[in-house]
Amino acid sequence: MKLIFLGPPGAGKGTQATGVSTSLNVPHLSTGDMFRAAIKNETPTGLKAKSYMDKGQLVPDSVVIDMVRERLAMDDCKGGYLLDGFPRTVEQAKALDEISTPDAVINIEVPDEKLMSRLTGRRVCGKCQGTFHITKLANEKTCPVCGADLIHRDDDKPETISNRLRVYHEQTAPLIGYYQGNGKLRTVDGDNRPEDVLKAILASLE
Ligand code: ADP
Ligand code: ZN
């Protein structure tokens, strides 16, 4: 199964994508994670992406599209994949159509006012990539799953978050219309318990 996950920053895309990729046994491809790894390893892609990410802006389409094209050509994507964070612009969606046609597009909806608090309180694990909210953590510094250090992402600071939400509405939300026409769009209410959102997504794919 070839899947795309759409939704604003903080909608729970990463958490749900992890659950769905395990349930359906397809690789989880997060462009955000790919960029963060590239920055850490100081690759040419990482060097190009960093300044945009720090400002909450999108990385230029050509950089993202080349990276995704290379990743989708790898063997583990032959039986399907789950794209999390791509496409994010109509230009990227058109490029993807040339590479591979998705079977379904999951659109996770959460009202803007909830997203801000979800994102400012978000902490991510530098090792297992788990995502947690400070309200649910006994200790804000340590991953409850693997014990590694938790990170407050630079782009999860308030100024950058409002920028990311604006970028989402301007550049990514139009993709809902782009995918609506072909009957592949599945809209799921993301303002629920994570386990219920996962059930709703899996049910929508049956
Ligand atoms: P979130 O979904 O929480 O905003 P991501 O981890 O998906 O976070 O992305 C973090 C940043 O990486 C984005 O703000 C953007 O700068 C960059 N990025 C990720 N995916 C793309 C993409 N498809 N196109 C352009 N930039 C991207
Ligand atoms: Zn961890």
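Residues numbered from 1 in each chain as written. Chains lettered and ligands numbered in written order. Predicted model: local features only at pLDDT ≥ 70, side-chain atom pairs only at ≥ 80, totals over all residues. Heavy atoms only, no water.

Considering the coordination of the zinc ion (ligand 2)
- Protein coordination at the zinc ion (ligand 2) comes from Cys125 (SG), Cys128 (SG), Cys143 (SG) and Cys146 (SG), with a distance range of 2.3 to 2.4 Å.
- Between the 4 donor atoms coordinating the zinc ion (ligand 2), the angles at the centre fall across 101 to 120°, so the site counts as tetrahedral.
- Ordering the donors of the zinc ion (ligand 2) by residue number gives the pattern C-x2-C-x14-C-x2-C. Note that Cys125 is positioned in strand S5 (residues 122–125) and Cys146 in the loop between strand S6 (131–133) and strand S7 (150–151), a separation of 21 residues in sequence.
- Owing to a relative accessible area of 1%, Cys125 belongs among the buried residues under this scheme. (Donors = N, O, S within 2.8 Å, 3.2 Å for Na, K, Ca; no water. Tetrahedral: all angles 85-135°; square planar, octahedral: opposite > 155°, others 65-115°. Helix = DSSP H or I, 4+ residues; strand = E, 2+ residues; numbered from the N terminus. Buried < 20%, exposed > 50% of the residue type's maximum accessible area, 1.4 Å probe, protein only.)

What to know about the sheet that holds S6
- In spatial order, the strands read S6-S5-S7; together these 3 strands make up an open sheet with antiparallel pairing. The open sheet is flanked by S6 and S7, the only strands paired with a single partner.
- Across the sheet, helix H6 (residues 112–120) touches S5 and S6, and the angle it forms with S5 is around 45°. (Pairing = 2+ DSSP bridges. Contact = heavy atoms within 4.5 Å. Axes fitted to C-alpha atoms, helices over the stretch in contact; angles between N-to-C directions.)

Here's the deal with the side chain of Arg164
- Locating Arg164 in the fold gives a position in helix H7 (residues 158–172).
- Polar contacts involving the side chain of Arg164 include one to the side chain of Asp156, which spans 2.9 Å.
- When near neighbours in sequence (up to four residues on either side) are disregarded, Arg164 contacts Pro9, Gly56, Leu119, Arg122, Arg153, Asp155 and Asp156. (Polar contact = N/O pair within 3.5 Å; in protein donor to acceptor, adjacent residues only side chain to side chain.)

Some words on the pattern of salt bridges
- The final tally for this structure, using the stated rule, is 14 salt bridges.
- Note that Asp54 is salt-bridged to Lys50, the shortest N-O span being 2.7 Å. One end of the pair is Asp54 and the other is Lys50, both in helix H3 (residues 44–55) and 4 residues apart, which spans about a single turn.
- Accessibility expressed as a relative area gives 35% for Asp54, which makes it partly exposed.
- Among the salt bridges present, the one from Lys157 reaches Asp154, with a minimum N-O distance of 3.8 Å.
- Judged by its relative accessible area of 29%, Lys157 falls in the partly exposed class. (Salt bridge = Lys/Arg side-chain N within 4 Å of Asp/Glu carboxyl O.)

Function cannot be read off these values alone, since they describe shape.
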